[in-house]
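# Survey of secondary and tertiary structure
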Amino acid sequence: MLRQFAAKLYVDSVDQIDLEQLYKEGKRGIVTDLDNTLVGQKVPLATEKCIAFIARARAIGYDIVVVSNNSKPRVEKFATPLGLKFIHRARKPRKGVFTQALKMMKLNADQALMLGDQSMTDIFGGNRSGLHTVLVRPIAPQDEGLPTHINRFMERIVIRLLTRTGYAHPWRQVPGKEQ
């Protein structure tokens, strides 16, 4: 059960993901969280860095769906100018929302990546649904609300347990970097 919270890949930001290699391995879709994965929680529109990542992914051949627990106005304001499909108020980690995203892209679970900044929602839900999970270091953790702070507290406990059972969390091993 504990393994369900461990990502297959850990990165400091989405632009570190080797999308070309993963495409060669058969990945064709990206299911991605929004807040603190693509942009900071208080950033309403895509940044230049985010736009470049999306453009690169599309140029390779990826389809992209934003899956967020946030409200429709928040997600729509971000996704619509980029022409991205989205699911708002997703209630991650429910499996159904990941199935819905896969249907939107017409892909099987083994053909998709799940990018997110939270083990308790993004990674757990993605793993349970069979996606290749990528945990992204949160962009602006200082801007997170109470529910996310609670998740982060639980996440730290899970990461300690994972580390003790041999599923080392690489960020835990980097001196000077907080969880």
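Values in this document were obtained by computation on a predicted structure and should not be read as measured data.

### As for the nonpolar core
Among the nonpolar cores identified, the biggest contains 26 residues, and Ile17, Leu19, Ile30, Phe53, Phe78, Leu84 and Leu115 are the most heavily contacted of them. Among the elements of the structure, α1 (19-24), α2 (48-60), β3 (63-67), α3 (72-79), β5 (112-116) and β6 (132-136) are those that each provide at least two residues to this core. Considering each element in turn, this core owes the most residues, 4 residues, to α2. Among all residues touching Ile17, those that are not within four sequence positions of it are Leu9, Val11, Leu22, Arg56, Leu115 and Val134. Residues Ala90, Leu102, Ala109 and Leu131 belong to the second largest nonpolar core, which totals 15 residues.

### As for the environment of Asp117
The topology assignment puts Asp117 in the loop between β5 and α5 (119-128). Judged by relative accessible area, which is 2%, Asp117 ranks as buried. Note: C-alpha distance between Asp117 and Val11 (106 residues apart in sequence) is 9.7 Å.

### Some details on the confidence of the model for the chain
Parts of the model with low pLDDT should not have their predicted coordinates read in detail. Here the chain averages 88 in pLDDT, while 88% of its residues score no lower than 70. Low pLDDT (under 50) marks residues 173-179, which in the prediction has 10 contacts with non-local residues, meaning those over four places away or in another chain.

### Description of the pairing of β5
Counting buried residues in β5 gives 5 out of 5 residues, a clear majority hidden from the surface. Relative to β5, strand β2 (residues 29-32) runs parallel, the two being bridged by 4 bridges. Note that in β5 the partner of Ile30 across the bridge is Leu113. Looking at chain direction, β5 and β6 are connected through 4 bridges and run parallel. Bridged to Met114 within β6 is Thr133.

### Overview of the sheet that holds strand β1 (residues 9-11)
Sheet architecture is open: 6 strands sit in the order β1-β6-β5-β2-β3-β4, paired in parallel fashion. At either margin of the open sheet sits one strand with a lone partner, and together these are β1 and β4 (85-87). Recorded for the sheet is a direction-independent mean angle of 20° between the axes of neighbouring strands. Where α2 meets the sheet, its contacts fall on β2, β3 and β5, and the angle it forms with β3 comes to roughly 140°. Relative to the sheet, α3 contacts β3 and β4, its axis offset from that of β4 by approximately 165°.

### With respect to α3
Because an α-helix packs 3.6 residues into every turn, residues spaced three or four apart end up facing the same way. Taken together, the buried positions of α3 are Arg74, Val75, Phe78 and Ala79. Along the long axis of α3, the arc covered by the buried residues comes to 110°, so they all point the same way. Turning to α3, the residues buried within the fold contact α2, β3 and β4.

### A closer look at the packing of aromatic side chains
Taken as a whole and assessed by the stated rule, the structure comprises 2 aromatic pairs. Note on Phe5 and Phe124: the rings are 4.6 Å apart at their centroids and 10° apart in plane angle, and the pair reads as stacked. Placement of Phe5 in the segment before β1 and of Phe124 in helix α5 is noted, with a sequence separation of 119 residues between them. For the pair Phe5 and Phe124, a shared accessibility class is recorded, and that class is buried. Sitting over the ring of Tyr23, Arg28 keeps its end group 3.6 Å from the ring centre.

### So, the pairing of β3
Taken across its 5 residues, β3 has 4 buried, putting it largely inside the fold. Of the pairings in the sheet, the one linking β2 to β3 comprises 4 bridges and is parallel in character. Counterpart to Ile30 in the pairing with β3 is Ile64. Here β3 runs beside β4; their pairing, made up of 3 bridges, is parallel.

Definitions and cut-offs
- Residues numbered from 1 in each chain as written.
- Predicted model: local features only at pLDDT ≥ 70, side-chain atom pairs only at ≥ 80, totals over all residues.
- Heavy atoms only, no water.
- Core = buried A, V, L, I, M, F, W, Y, C linked by side-chain atoms within 4.5 Å.
- Buried < 20%, exposed > 50% of the residue type's maximum accessible area, 1.4 Å probe, protein only.
- Helix = DSSP H or I, 4+ residues; strand = E, 2+ residues; numbered from the N terminus.
- Contact = heavy atoms within 4.5 Å.
- pLDDT = per-residue confidence, 0-100.
- Pairing = 2+ DSSP bridges.
- Axes fitted to C-alpha atoms, helices over the stretch in contact; angles between N-to-C directions.
- Arc of directions from axis to C-beta.
- Phe/Tyr/Trp six-rings, centres within 6.5 Å; stacked < 30°, edge-to-face > 60°.
- Lys NZ or Arg CZ within 6 Å of the ring centre and 35° of its normal.

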